[in-house]
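Observations on the model geometry
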Amino acid sequence: LIHPARTRSSRLGMCWCCNKTIFLFCAGVVIFTFLAGCILWELHILQPILSQCMMYAYGAIIVAAFVSLLVSQIWSAFSRITTYMIDEFTKLKSVFRIFGPKHHGRRGRNSAFDDGRLNNTLGPKSQVRRPPAQTTGDLPGSGPGMQRHFFRV
């Protein structure tokens, strides 16, 4: 930790986060590890250990690749099944009108108290009647008495 009582002179200019003691300890550990590694390399002790570690790493990479491929295939199959089920339920919904759009009651959209067509306790939406369309003599089928009325359902 940095204490405000310590002066800048107690820190080395190389690192902002450590003081002289921590820097010397870390440098000693790095130098000792390097020298020990060089000695073990020359005595041919380090090579079998490194080769065994590399084989473990290779095996771990192969297993991770297999697991990721397996997860990818399961995800793809799940996606296809989900899409198929959504399509089938959409077809089923179009066959049975009972599951169609519900009337929205005065409590808001898809109210918990609205049973739709089965028990319309909140009442249907009121239908809005549009004014009759303006007819012109240019359109075929338009003329006196040929006005059409449009209703919003």
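Heads up: these notes are all about the structure in this document.

Conventions and cut-offs
- Sequence order sets the numbering: in each chain, residues are counted from 1 along the sequence as written.
- Reporting of local features is limited, given that this is a predicted model, to residues whose pLDDT is at least 70; pairs of side-chain atoms are given and counted only at 80 or more, and all residues count toward the totals for whole chains, interfaces and linings.
- In computing side-chain properties, one takes all heavy atoms of the structure into account and sets aside hydrogens as well as water.
- Helix and strand definitions here come from DSSP, where helices need a minimum of 4 consecutive H or I residues and strands a minimum of 2 consecutive E residues; each element is numbered from the N-terminal end.
- Exposed residues in this analysis have more than 50% of their type's maximum accessible area, buried residues have under 20%, and partly exposed residues fall in between, with area computed by a 1.4 Å probe over protein chains only.
- A contact between two residues is defined here by any heavy atoms of the two lying within 4.5 Å.
- Values of accessible area rely on a 1.4 Å probe in the Shrake-Rupley scheme; residue burial ignores everything except the protein chains shown.
- By salt bridge we mean one thing: a side-chain nitrogen of Lys or Arg within 4 Å of a carboxyl oxygen of Asp or Glu.
- The span you would expect from a helix comes to 1.5 Å times its residue count less one.
- Here the term patch refers to residues with relative accessible area over 30% and no salt bridge, with like charges joined within 9 Å and nonpolar side chains (Val, Leu, Ile, Met, Phe, Trp, Tyr) within 5 Å.
- Axes, fitted as lines to C-alpha atoms, cover a helix only where it is in contact. Angles between the N-to-C directions of the axes lie from 0 to 180 degrees.
- Roughly parallel here means an angle under 35 degrees, roughly antiparallel means over 145, roughly perpendicular means 65 to 115, and every remaining angle is called oblique.
- Three classes are used, and their members are as follows: Ala, Val, Leu, Ile, Met, Phe, Trp, Tyr, Cys and Pro are nonpolar, Asp, Glu, Lys and Arg are charged, and the others, Gly among them, are polar.

Each helix and strand in the protein chain was counted, giving two helices and zero strands. Burial status across the protein chain gives 6% buried among its 153 residues. Contacts in the protein chain between residues at least 24 apart in sequence constitute 4% of all its contacts with a sequence separation of at least 6. Accessible area of the protein chain: about 14100 Å², with a carbon and sulfur share of 68%.

Inspection of every chain in the model, using the stated rule, returns one salt bridge. Among the salt bridges present, the one from E88 reaches K91, with a minimum N-O distance of 3.4 Å. With a gap of three residues between them, E88 and K91 both fall in helix α2 (residues 46-95), about one helical turn apart.

Attention now moves to unusual backbone geometry. For H44, which is not glycine, the phi dihedral falls at a positive 60°. Mapped onto the elements of the fold, H44 is located in the loop between α1 (20-42) and α2. The class of H44 is exposed, set by a relative accessible area of 59%.

Turning to α1, a few remarks are in order. When the terminal C-alpha atoms of α1 are compared, their 33 Å separation across 23 residues agrees well with the 33 Å that a helix rising 1.5 Å per residue should span. Of the residues trailing α1, H44 is marked for its positive phi of about 60°.

Together, I81, Y84, M85, F89, L92, V95 and F96 make up a nonpolar patch on the protein surface, roughly 740 Å² of accessible area in all. Positionally, V95 belongs in helix α2.

Moving on, we come to the packing of α1 against α2. At their nearest, the axes of α1 and α2 sit 7 Å apart, and the two run at 100° to each other. As judged from the angle between their axes, α1 and α2 are roughly perpendicular. Judged by residue contacts, G37, L40 and W41 of α1 engage L46, Q47 and L50 from α2. When grouped by side-chain class, the residues that make up the contact of α1 with α2 number four nonpolar, two polar and no charged.

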